[in-house]
Amino acid sequence: MNRPLCFVLMPFGKKPAASAGGAMIDFDAVYQDYIRPAIEDAGLEPIRADEEMTGGVIHKPMFERLILCEFAVADLTNANANVFYELGLRHAVKPATTVLTFAEGMGQLPFDVMPLRALPYRLGHDGRPDAAEAARRALTEKLKAARDFPTDSPVFQMVENFPDIQRLKTDVFRERVRYSEERKAELAVARKQGADAVRAIEADLGNLADADSGVVLDLFLSYRAVKAWDAMIALVAKMSRPLAATVMVQEQLGMALNRAGRRDEAERVLLDVIAARGPSSETYGLLGRVYKDHWEAAGPGLLADGLLGKAIDAYLKGFEADWRDAYPGINAVTLMELRNPPDPRREKLIPVVFYAVERRIATGQPDYWDHATLLELAVLDKDRTRAVAALSAALAHVREVWEPETTARNLRLIREARAGRDEHVEWAEQVEQELLRRAAQISA
């Protein structure tokens, strides 16, 4: 039996609080520990928009979810612009079944929503829900009460005879949601089978400009997982224009162009993103990789020295854009180690990078790159014990074949640069081989 759908409007990932001294809020933990279980306990089925994938673009499926979902929960914490836009749309078309919540002490609610009844919840020092069980019970009861359809939209409360939309065909919408989830499951299987399997699903999707954006982005990243760079590049032209223009798609397009050997085009795409949206650790990190690959292909000489300097500069700008993101930081210090003589700035940067990745591992859900960063730092420090521990964790967190390949490549560059200075670390090559062995296991 189908449960009623409940759409969740909220920020994603970790965000600094609008007040409270910039404390970090783990919105993914808020969803997993508080909102989602409360919705399920109320006998509803949660649907959460994937903002990290769509860059916040409002597209056709998003409008459908806002309008046609039987219930909705909106987290007003931080007065997130996307959430408030979506809440406004919801209130304009649904007289009831929209429940509001917010984190106490994380900034005052805007004036326009202060009169609305919103459920508070508390956050701990780690940015995760505190006393989550009590908060879940309160939200569950609020959702159960919403089944009686008391008017909660200020538009319908204050404007007489405002149009009703109960005649909309929600069954069609529900079928589209099911279809999208099925396609994503098929792509998960195809990624393990290889590029041809992913292409077969693309061929079956029809006009991608009209397809669900979440499915198209999953297809896009599935091509990345199987290293089908030309297919990734071609896919961008088939997407809807708003989706193709998002920062996430443009950044990944730049990465794909670089991996396909089209470095000049990759550089232009990434510089355009920076010019339009400002500096970010992700965009500058990808740009640094473009210059790094160009440097490696150039061979010895003045051009190579200049390209290595550009790569270091790009990675530094990325790390300075967000000190919490250790990825551009570790790449900067690694390339500084490759210079002859090594760049002395790395001695000051290494402790900062180490602290950044340690804090991420301690306060979040670490991924492969966090452990790979600790591995590179240990190799740079010639610390075998730390390197073995980090290698073990990194191998366990590998998701896609290109991840250990990238780390092995970085470690090889460090080893070769040191060999050129007559510095030899006997165990370093063994670490590279373990990473490449893991990549081969995934490819098999």
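The following refers to the structure shown. (Residues numbered from 1 in each chain as written. Predicted model: local features only at pLDDT ≥ 70, side-chain atom pairs only at ≥ 80, totals over all residues. Heavy atoms only, no water.)

So, about the pairing of strand β5 (residues 71-75). Among the 5 residues in β5, 5 count as buried, and that is most of the element. Of the two faces of β5, the one carrying F71, V73 and D75 and the one carrying A72 and A74 are both buried. Across 4 bridges, strand β1 (residues 5-9) lies against β5 in parallel orientation. By the bridge assignment, F7 is partnered in β5 with A72. (Buried < 20%, exposed > 50% of the residue type's maximum accessible area, 1.4 Å probe, protein only. Helix = DSSP H or I, 4+ residues; strand = E, 2+ residues; numbered from the N terminus. Pairing = 2+ DSSP bridges.)

What follows covers the pairing of strand β6 (residues 98-103). Among the 6 residues of β6, 6 are classified as buried, and the element is accordingly described as predominantly covered. Going residue by residue along β6, you find T98, L100 and F102 tucked away on one face and V99, T101 and A103 tucked away on the opposite face as well. Examined bridge by bridge, β5 and β6 share 4 bridges and lie parallel to one another. Looking at β6, one finds that V73 is bridged to V99. Regarding the hand of the β-α-β motif, the stretch spanning β5, helix α4 (residues 81-93) and β6 is right-handed. Note that β6 and strand β7 (residues 118-123) share 4 bridges and pair parallel. In the strand pairing of β7, T101 is matched with L119. (Right-handed = clockwise from strand over helix to strand, strands pointing away.)

Turning to unusual backbone geometry, a few remarks are in order. Residues N340 and P341 are joined by a peptide bond in cis, for which omega reads 5 degrees. If you trace the backbone, P341 turns up in the loop between α16 (326-338) and α17 (346-363). Not every positive phi belongs to a glycine, and T97 is a case in point at roughly 70 degrees. With respect to the helices and strands, T97 occurs in the loop between α4 and β6.

Turning our attention to the environment of V226. Along the polypeptide, V226 turns up in the loop between α9 (213-225) and α10 (229-238). Setting aside residues no more than four positions away along its own chain, V226 makes contact with R191, G194 and A195. (Contact = heavy atoms within 4.5 Å.)

Take the nonpolar core next. Nonpolar side chains tend toward joint burial in soluble globular proteins. Grouped together as the largest cluster of nonpolar side chains are 88 residues, with contacts concentrated most on L219, F220, Y223, M239, L375 and L435. Contacts of L375, omitting those with residues within four sequence positions, involve A387, A390, L391, T407, L411, V431 and L435. V8, A17, V99 and A103 belong to the second-largest nonpolar core, a separate cluster that totals 26 residues. (Core = buried A, V, L, I, M, F, W, Y, C linked by side-chain atoms within 4.5 Å.)

Take it as geometry only, folks, not as evidence of what the structure does.
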